[in-house]
Amino acid sequence: MFKYLEESRYEEYLNADTMTEALEQAKDLLREGDWPHEGKTAYVAAEVVEIQEDPDGNEIELDHSAVSVRLDPPVPPCEADQHDWCSPHELLGGLEENPGVSGNGGGVIITEVCRHCGRYRVTNTWDQSQGPEPVETIEYHEADEASREWCAEQAILNAPSLDALVEALAEHFDNTSERFQDRSLVELPTFGGAEPEDTRGVWSWDENRLLIGEGNPDEWEVVTRTEWASGE
Ligand SMILES: [Zn+2]
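Residues numbered from 1 in each chain as written. Predicted model: local features only at pLDDT ≥ 70, side-chain atom pairs only at ≥ 80, totals over all residues. Heavy atoms only, no water.

**Digging into the overall build of the protein**
Here comes step 1: When helices and strands are counted, the protein shows six helices and 14 strands.
Here comes step 2: A globule of 232 residues ought to have a C-alpha radius of gyration of about 17 Å, yet the protein, at 29 Å, is considerably larger.
Here comes step 3: Projected onto its principal axes, the C-alpha positions of the protein cover 105 × 35 × 25 Å.
Here comes step 4: Within the protein, buried positions represent 34% of all 232 residues.
Here comes step 5: If you take every contact in the protein between residues at least 6 apart in sequence, the share linking residues at least 24 apart comes to 46%.
Here comes step 6: Counting every atom, the protein has about 14300 Å² of accessible surface; 44% of that belongs to carbon and sulfur.
Here comes step 7: Positive and negative side-chain charges in the protein, numbering 15 and 54 respectively, have mean positions lying 3 Å apart. (Helix = DSSP H or I, 4+ residues; strand = E, 2+ residues; numbered from the N terminus. Rg over C-alpha atoms; globule rule 2.2 N^0.38 Å. Buried < 20%, exposed > 50% of the residue type's maximum accessible area, 1.4 Å probe, protein only. Contact = heavy atoms within 4.5 Å. Areas by Shrake-Rupley, 256 points an atom, 1.4 Å probe, with all protein chains shown as cover. Lys, Arg positive; Asp, Glu negative; His and termini not counted. Charge placed at Lys NZ, Arg CZ, Asp CG, Glu CD.)

Encoded structure:
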């Protein structure tokens, strides 16, 4: 006979023939348990005891084994189908070759940000908040102003076509950072075709068209290269 025992003294009998089977059942029970949720990876443990009843009905312990499972916090929803975790240095800081990573005890804390929704994922490989033994934990943080600005910039810089760029500028430009509004517009993506000889007032292009204008993107327009050449 096998018995499942939690630290809280909760116990139940398992319907198992071997210790291996009993341990698997114990893991399922731990996973299904109603553990207090801190929004962070938790490790929960129990014990499995093999017992036998003697003729007087007393339980004799034959064997026991510890079991633990890792319970990660639920992944928060994303505005896209799924998160795309990135490590941009301009947002996360740290070493240029290893952005968002800082040393922590014998391990590291890795911060990443989702390109779509701006949420953060923090992985701590040396978390001692659950006892002296360091464990790896994950937690998620909500988007903040800095990450929202970065997401808006990414949507513009990763536009797949000239039309998508115009749309992304209309939708996201107001949410970008001042730094981006001041400087990065000159680094907008282009989509094939030759670079115009004179790029003053030309922000982007594809094979047949140019994105031109003065001032902010809401004052820009798309013209064909033919129209541009004939000075219209
Ligand atoms: Zn996301």
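**What to know about the environment of Ala45**
Here comes step 1: Relative to the helices and strands, Ala45 is located in strand S3 (residues 42–53).
Here comes step 2: Looking at Ala45, the relative accessible area reads 36%, which means it is partly exposed.
Here comes step 3: Those residues in contact with Ala45 that lie beyond four places of it in its chain are Leu30, Val67 and Ser68.

**A short note on the domain arrangement of the protein**
Here comes step 1: As far as domains go, the protein holds domain 1 (2–71), domain 2 (85–143) and domain 3 (159–229).
Here comes step 2: Centre-to-centre separation of domain 1 and domain 2, based on C-alpha positions: 33 Å.
Here comes step 3: Contact residues are listed per partner, giving six residues for domain 1 and nine residues for domain 2.
Here comes step 4: When the two sides are added together, the surface that domain 1 and domain 2 hide from each other amounts to roughly 610 Å², 37% of it contributed by carbon and sulfur.
Here comes step 5: Considering only the side of domain 1, the residues that lose the most area to domain 2 are Lys40, Tyr43 and Arg70, jointly responsible for 71% of the buried surface there.
Here comes step 6: Inspection of the domain 1/domain 2 interface yields two salt bridges.
Here comes step 7: Here Arg70 and Glu136 are joined by a salt bridge, their closest N and O atoms 3.2 Å apart. (Domains from an automatic or database assignment. Buried area = accessible area lost by both parts, 1.4 Å probe. Salt bridge = Lys/Arg side-chain N within 4 Å of Asp/Glu carboxyl O.)

**Overview of the sheet that holds strand S12 (residues 202–205)**
Here comes step 1: Strands sit in the order S12-S13-S14 across an open sheet of three strands; the sheet is antiparallel. Two strands lie at the open edges of the sheet, namely S12 and strand S14 (221–224), each paired on one side alone. This sheet shows a mean twist of 30 degrees between the axes of neighbouring strands, independent of strand direction.
Here comes step 2: Two elements, S12 and strand S13 (residues 209–212), share three bridges in a ladder whose sense is antiparallel. Bridge pairing in S13 places Val202 opposite Ile212.
Here comes step 3: In the packing of helix H4 (residues 162–172) onto the sheet, the strands contacted are S12, S13 and S14, and the crossing angle to S13 comes to about 20 degrees. (Pairing = 2+ DSSP bridges. Axes fitted to C-alpha atoms, helices over the stretch in contact; angles between N-to-C directions.)

**Section: the packing of aromatic side chains**
Here comes step 1: Summed over the entire model, instances satisfying the criterion amount to three aromatic pairs.
Here comes step 2: Ring centres of Tyr4 and Tyr10 lie 6.4 Å apart, and the angle between their planes is 75 degrees; on these two criteria the pair is classed as edge-to-face.
Here comes step 3: Exposure remark for Tyr4: the relative accessible area of 0% places this residue in the buried category.
Here comes step 4: Residue Tyr10 is classed as partly exposed on the basis of its relative accessible area, which comes to 41%.
Here comes step 5: Arranged with centres 6.0 Å apart and planes meeting at 35 degrees, the rings of Trp85 and Tyr140 form a pair that is tilted. (Phe/Tyr/Trp six-rings, centres within 6.5 Å; stacked < 30°, edge-to-face > 60°.)

**Focus: the side chain of Ser177**
Here comes step 1: Tracing the backbone through its elements, the reader meets Ser177 in the loop between H4 and helix H5 (178–182).
Here comes step 2: Residue classification places Ser177 among the buried positions, given a relative accessible area of 8%.
Here comes step 3: Aside from chain neighbours lying at most four places away, what touches Ser177 is Glu149 and Glu153.

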